[in-house]
Amino acid sequence: MKTYKYPAKKDWPALMLRPAINDSGIAGTVKNILQQVKTGGDKALFSFARDLDGVELKALQVSEQEIRKAGTLLPVELKK
């Protein structure tokens, strides 16, 4: 990443440009996932968690205990 300190105002528009992303295949992928979840239900969700995230879920609902534990792992600044 290139860092700029005090760039000239005339350079601001060019510096704020973001690279374009070719998202032409994303809509089809999302549609396919949604269809699989619609037809396969929770079984499809467990499958996607395993295949895409590499985790074997035991349940889809997060327990209160898991939420509290996760909260203790977050920095105070992020919680604010």
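Cut-offs applied
Residues numbered from 1 in each chain as written. Predicted model: local features only at pLDDT ≥ 70, side-chain atom pairs only at ≥ 80, totals over all residues. Heavy atoms only, no water. Helix = DSSP H or I, 4+ residues; strand = E, 2+ residues; numbered from the N terminus. Rg over C-alpha atoms; globule rule 2.2 N^0.38 Å. Buried < 20%, exposed > 50% of the residue type's maximum accessible area, 1.4 Å probe, protein only. Areas by Shrake-Rupley, 256 points an atom, 1.4 Å probe, with all protein chains shown as cover. Lys, Arg positive; Asp, Glu negative; His and termini not counted. Charge placed at Lys NZ, Arg CZ, Asp CG, Glu CD. Axes fitted to C-alpha atoms, helices over the stretch in contact; angles between N-to-C directions. Parallel < 35°, antiparallel > 145°, perpendicular 65-115°, else oblique. Contact = heavy atoms within 4.5 Å. Salt bridge = Lys/Arg side-chain N within 4 Å of Asp/Glu carboxyl O.

Trainee: Describe in detail the overall build of the protein, supporting the description with residues and values.
Mentor: The number of helices and strands found in the protein is five helices and zero strands. Secondary structure elements in the protein, listed N-terminal to C-terminal, are α-α-α-α-α. Computed over its C-alpha atoms, the radius of gyration of the protein comes to 21 Å, more than 25% above the 12 Å expected for a compact globule of 80 residues. Overall, the protein is about 55 × 40 × 20 Å in size when its C-alpha atoms are taken along their principal axes. Looking at the protein as a whole, 4% of its 80 residues are labelled buried. When the accessible surface of the protein is summed, it comes to about 7900 Å², and 60% of that surface belongs to carbon and sulfur atoms. Averaging the positions of the 14 positive and the 9 negative side-chain charges in the protein gives two centres separated by 7 Å.

Trainee: Run through the packing of helix H2 (residues 26-40) against helix H3 (residues 42-53), naming residues and quoting values.
Mentor: Running from N to C, H2 and H3 point in directions that differ by 135 degrees, and their axes come no closer than 6 Å. Comparing the axis directions of H2 and H3 gives the class oblique. Mapping the contact onto sequence places Ile 33, Gln 36, Val 37 and Gly 40 in H2 and Asp 42, Lys 43, Ala 44, Leu 45 and Phe 48 in H3.

Trainee: Account for the pattern of salt bridges, with residues named and values stated.
Mentor: Throughout the structure, instances matching the rule amount to three salt bridges. Of the charged contacts in the structure, one is a salt bridge between Lys 10 and Asp 11, with a shortest N-O distance of 3.3 Å. Here Lys 10 falls in the exposed class, since its relative accessible area comes to 69%. Here Asp 51 ties to Arg 50 by a salt bridge, and the two come within 3.4 Å at their closest N and O atoms. Looking at Asp 51, the relative accessible area reads 52%, which means it is exposed. Overall, the relative accessible area of 39% leaves Arg 50 in the partly exposed class.

Trainee: How would you explain unusual backbone geometry if you had to name every residue and give the values?
Mentor: Within the chain, Tyr 6 stands out as a residue other than glycine whose phi angle is a positive 55 degrees. Tracing the sequence through the fold places Tyr 6 in the segment before helix H1 (12-16). Its relative accessible area of 81% is what places Tyr 6 among the exposed residues.

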